[in-house]
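Structural overview
Here are the chains, one letter per residue:
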Protein chains: 2
Amino acid sequence: MTTQHLIDQIKTKKSFLTVGLDVDLNKIPKHLLDLEDPIFEFNKAIIDATHDLCVAYKPNIAFFEAYGIKGWMALQKTMHYLHTTYPEIFTIADAKRGDIGNTSTMYAKAFFEDLEFDSVTVAPYMGKDSVEPFLAFENKHTIMLALTSNEGAFDFQTIKVDGKELYKRVLETAKTWKNSQNLMYVVGATKAEYFTEIRKIVPDSFLLVPGVGAQGGSLSEVCKYGMNAQIGLLINSSRGIIYASNGVDFASRARQEALKMQQEMAQIMALHLIK
Amino acid sequence: MTTQHLIDQIKTKKSFLTVGLDVDLNKIPKHLLDLEDPIFEFNKAIIDATHDLCVAYKPNIAFFEAYGIKGWMALQKTMHYLHTTYPEIFTIADAKRGDIGNTSTMYAKAFFEDLEFDSVTVAPYMGKDSVEPFLAFENKHTIMLALTSNEGAFDFQTIKVDGKELYKRVLETAKTWKNSQNLMYVVGATKAEYFTEIRKIVPDSFLLVPGVGAQGGSLSEVCKYGMNAQIGLLINSSRGIIYASNGVDFASRARQEALKMQQEMAQIMALHLIK
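Definitions and limits used
Residues numbered from 1 in each chain as written. Chains lettered and ligands numbered in written order. Predicted model: local features only at pLDDT ≥ 70, side-chain atom pairs only at ≥ 80, totals over all residues. Heavy atoms only, no water. Helix = DSSP H or I, 4+ residues; strand = E, 2+ residues; numbered from the N terminus. Rg over C-alpha atoms; globule rule 2.2 N^0.38 Å. Buried < 20%, exposed > 50% of the residue type's maximum accessible area, 1.4 Å probe, protein only. Contact = heavy atoms within 4.5 Å. Areas by Shrake-Rupley, 256 points an atom, 1.4 Å probe, with all protein chains shown as cover. Lys, Arg positive; Asp, Glu negative; His and termini not counted. Charge placed at Lys NZ, Arg CZ, Asp CG, Glu CD. Pairing = 2+ DSSP bridges. Axes fitted to C-alpha atoms, helices over the stretch in contact; angles between N-to-C directions. Arc of directions from axis to C-beta.

Assigned secondary structure in chain A consists of 12 helices and 10 strands. Here chain A has a C-alpha radius of gyration of 18 Å; the compact-globule value for 275 residues is 19 Å, and the two agree. Dimensions of chain A along its principal axes, counting C-alpha atoms only, are 55 × 45 × 35 Å. Counting only residues that meet the buried cut, chain A has 64% of its 275 residues in that class. Contacts spanning at least 24 positions in sequence make up 74% of the contacts within chain A whose residues lie at least 6 apart. Total accessible area on chain A is roughly 10000 Å²; 50% of this is exposed by carbon and sulfur atoms. Distance between charge centres in chain A, computed from 29 positive and 32 negative side chains, equals 5 Å.

Put into structure tokens, the structure is as follows:
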């Protein structure tokens, strides 16, 4: 999917919401557990209930791998359902991959070709030749960790390198890589005040923003400092939406939560005169 | 597996060789492609031919994921074969994972519980709460990237933070984490001169060392600077062993290459009076 296609979808839906699919069999409604594929059935119900309010789904790959073959099959079925039923949706494999060149190529093939994701998250620690293999895929997007929403972000990401935080060095360096136009970045909502600095380095890139809601980040603060003329933000919510209820009403309650966020986003877009 | 069990195996076999299983269907012998599960058959043949010369196998998870369900099934079968046939072998999931806490727990379950790996490789960028969930598993080992063997290692790992390279900061910080006794570290063989400095920070930890052979690192140099009284090294070779031949003799040629390395290791152990 091209970036323009994503932007068009955002403007049509008046939403830049991403719904994270972190399916934990201990948390989903009990009545689904009797079905043949509870993980897929849960995803399908969430997707059917929210697809018009969000622009992207982000399956969290760990939550599928933890269930082995069954999990991987549920992931395939979820992707197939998205492609055939809602082909306009942007898909994010939240996988945080990254390895030496030929191995990164294999990961890229797994997510971009086999599962047909539009994008995948990657980690920067191994540098240029661990990320460029992902960037080589046309109309696919590589979402690199910059500043994450967890406490551990302060262990290494914010330490000073030549007087400047490591995450800034990561952003500046990544911009010089081949096909860097295919890069997006993960920036946690819990650090809204950092967005001003980040926008100085990557004014035009899309940022995938976890941490709104359950982790305490504020949507309006993130937009205030992080939004650009093309929106440039994908705001993720996982648990706050998909686990709004664990009863038989889980899908409609998920829709309610997604609707609240979409409405807030539509207001923000109107306020910023983005049409 | 306990660390002592690994050390005992090293002393018995006079080897600290790890064989990396990076199975690429474009590289394995053509005659295997007619079998029902070529990936597993290739692994089984390599394992049968080399198990007495090495102490660990390291499936490279990307190479399984790239083949989807079939790949994941081949991985399960390979692990089952190792557990039932050669239970003394140490197993490494080369996965380079790392995410926020609850997601890391799911990855840990996938590799430590579902697939019963003894260890998994992780990336440090997200810090303490992305790695500690792995460390909580008893008699399981978490092998964190410190200084990798690729060119991109110089992008971030060796830049100076308060006058000291980032990878040293990573090692020093990780030592303070809960259950850090379950940590091992990845240090590339291509940077043998760095081992002296690394051993000052983590004198007792095991180091997983890629980059000997195909990537140009020298076994004797690595041992000279990196070995400790309990060996403390796991030297990985992937392509140099498993793709020694792509003919019908691939397994016996793999054995020849593994034997060369084991013999060199036995000599080094004798020289260092390690029995």
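So that's the structure; there's more coming.
Another aspect to go through is the sheet that holds strand β9 (residues 207-209) of chain A. Residue and element names in this part refer to chain A. Reading around the barrel, the eight strands line up as β1-β2-β3-β4-β5-β8-β9-β10 and close back on themselves, with parallel pairing between neighbours. Each strand of the sheet is rotated relative to its neighbour by a mean of 30°, with strand direction disregarded. Here strand β4 (residues 119-122) pairs with strand β5 (residues 141-147) via four bridges, running parallel. Bridge pairing in β5 links Ser119 to His141. Against the sheet, helix α5 (residues 101-114) engages β3 (90-97), β4 and β5, with an angle of about 155° to β3.

All names here are of chain B. Listed in full, the buried residues belonging to helix α1 (residues 3-13) are Leu6, Ile7, Gln9, Ile10 and Lys13. Here the buried residues of α1 occupy an arc of 160° about the axis, which is enough to place them on one side. Against β3 (90-97), β8 (183-187), β10 (233-237) and α12 (250-271) lie the buried residues of α1. Count one or two residues on from α1 and you reach Lys14, which has phi positive near 50°.

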